[in-house]
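Here is how the chains run, residue by residue.
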Amino acid sequence: MLIPNKQMPTSKLTKTDQKLFRGTAAEVHGFMSNEDILNSIGCNFNVDRRPYKIQDTDNPTGWREYPEIQIWHRDDNMDALGVFGKRRQCIQPTTFIDYFRQFCNASQKEISLDLVGTLDAGKTFYMASKLTNDQNKFEDVGDKTDSWLVVTDYYGESKSPKVMVLFNELVCTNGMTRQIHERFSCFSHLREMNFNDVQPVLDAAIKESQAYNRIKDKCIKTPITMETAKNAIRGFFDDEKAEMLKTRTVEKILEEGLIGGHLDSRKGTAWGLVSAMTQYTSHNRTKAADQTDERTFASQLDGSRNYMNRKFLEYLETQMLATV
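None of the values given here were measured: they were computed from a predicted structure.

1. Points about the overall build of the protein
Of the regular secondary structure elements, the protein holds 9 helices and 9 strands. Within the protein, buried positions represent 48% of all 324 residues. For the protein, restricting intrachain contacts to residue pairs at least 6 apart in sequence, the fraction spanning at least 24 positions comes to 61%.

Shown next, in the form of C-alpha cells:
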C-alpha cells in the first residue's frame, strides 16, 4: 500500500515471521489508521447483527423472527460470520484495534502493534507484538526463539478474546503457544487504560517466556537415544506398536526429516524430540495455500495442535526429563 508523501519504513518482520503467521496477515506501521490496517487484510467492515427469521404466511409481515437467535454478518458483503444468542456483545474490528493500540501505548513503549491478521474471511482476528525479552537466548547454539504476544478475538465462535505468547523456532518455523490467564480487562470495558492495567499481562508474558526457555534449556541438556525417543512418542500416544499414522509420522520426522537436526541442540537430545512433535503439528498436518493452512495456524494458537504440544512437554517433564 502506497502512502502519499511518506517514505515507506523498513519492515520489522523477517522472512521467518512472514512464514509463521498464516491466513491474511499484514505488518502494521505507526502512521496507519485503523481503516488502513483493516483494508490491508481485506476486513474493513462492521459486524451487523440481525435476528434469525423464517417465512411465515400466517404472519402479517410474511416473516417470523426469533430475536433470541442473532446472526452476525459482515456489513460490507453480508457474508455470515456466526450465530449467537442475543446476550453476546460484539467488539467491532476497529474498536478491537483501538483497544490493542491503547494497550501498547500504556506499556511505556515495551510493546507495539506489529502485525494484524484474520482467519476464515474475518471470523477470527488476531493482533501481535514481538517481545524483545530473551530473544538472544540460545543464539550461541544456533537455535534461537522469537516470542510474540498475540491477542485473538472471535466473530465465528462463542469465545472471549484470548491473550497468549506464541514461540517461533527460527530454524524450523515451528510454533507453540502458552496461554496467559491474567484478566485482560481492557477488552471488557470501554475506558482509558493505564500501565497498571497492562503490567499484569506483560509480566505474565515474560513469565511464560522464561518458563519456555527453562524447559527448552533442560531439553537441550538432556541426551536421549533414538530408542528412548521412540518409546516416549509411543507412550504419549498410547500406541506401543506404532499402529497409528501420527506415531509413525513423528518417528519418521525424528529419524529422517527433522528440520535443524544437524544442530547439537537437537541431535540426540530431548529438544530434538520436542522439535519433531512441533514440526508435526506445525507443518506435516498442513496443506499450503488453502484454508487448511489457516485452520492449522488457528489450531496452533487455540486448538488441538496447541493442546498436543503443551501436553507433550508436560509428558516429557514428568515421564522422561526427571529420569533420563
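Here the narrative resumes, following the displayed structure.
2. Details of the confidence of the model for the protein
Summary statistics for the protein give a mean pLDDT of 84 and a share of 87% for residues scoring 70 or more. Within the model, the stretch residues 1-6 combines pLDDT values under 50 with 5 contacts to residues more than four positions away or in other chains.

3. Considerations on the packing of aromatic side chains
In the structure shown here, the tally under the stated rule is 16 aromatic pairs. On the basis of an interplanar angle of 80° and a centroid distance of 4.9 Å, the ring pair of phenylalanine 21 and tryptophan 148 is categorised as edge-to-face. In this pair, phenylalanine 21 is assigned in the loop between α1 (15-20) and β1 (24-27) and tryptophan 148 in strand β7 (residues 145-154), connecting sequence segments 127 residues apart. In this structure tryptophan 148 comes out as buried when scored by relative accessible area, which is 1%. For the ring pair phenylalanine 236 and phenylalanine 312, a centre distance of 5.0 Å and an interplane angle of 75° mean the geometry is edge-to-face. With a gap of 76 residues between them, phenylalanine 236 in helix α5 (residues 226-236) and phenylalanine 312 in helix α9 (residues 304-319) connect regions that are remote in the sequence. Residue class for phenylalanine 312 comes out buried when judged on its relative accessible area of 1%. Among the aromatic side chains, those forming a connected cluster through ring pairs are Phe45, Trp72, Phe84, Phe96, Phe125 and Tyr155. Over the aromatic face of tryptophan 63 sits the side chain of lysine 53, whose NZ or CZ is 5.1 Å from the ring centroid.

4. Points about the environment of cysteine 104
Among the structural elements, cysteine 104 can be located in helix α3 (residues 93-105). We classify cysteine 104 as buried; its relative accessible area is 8%. When the C-alpha atoms of cysteine 104 and serine 129 are compared, they prove to be 8.8 Å apart, with 25 residues separating the residues in sequence. Beyond its immediate sequence surroundings of up to four residues, cysteine 104 is in contact with Lys109, Ile111, Ser112 and Leu113.

Calculation criteria
Residues numbered from 1 in each chain as written. Predicted model: local features only at pLDDT ≥ 70, side-chain atom pairs only at ≥ 80, totals over all residues. Heavy atoms only, no water. Helix = DSSP H or I, 4+ residues; strand = E, 2+ residues; numbered from the N terminus. Buried < 20%, exposed > 50% of the residue type's maximum accessible area, 1.4 Å probe, protein only. Contact = heavy atoms within 4.5 Å. pLDDT = per-residue confidence, 0-100. Phe/Tyr/Trp six-rings, centres within 6.5 Å; stacked < 30°, edge-to-face > 60°. Lys NZ or Arg CZ within 6 Å of the ring centre and 35° of its normal.

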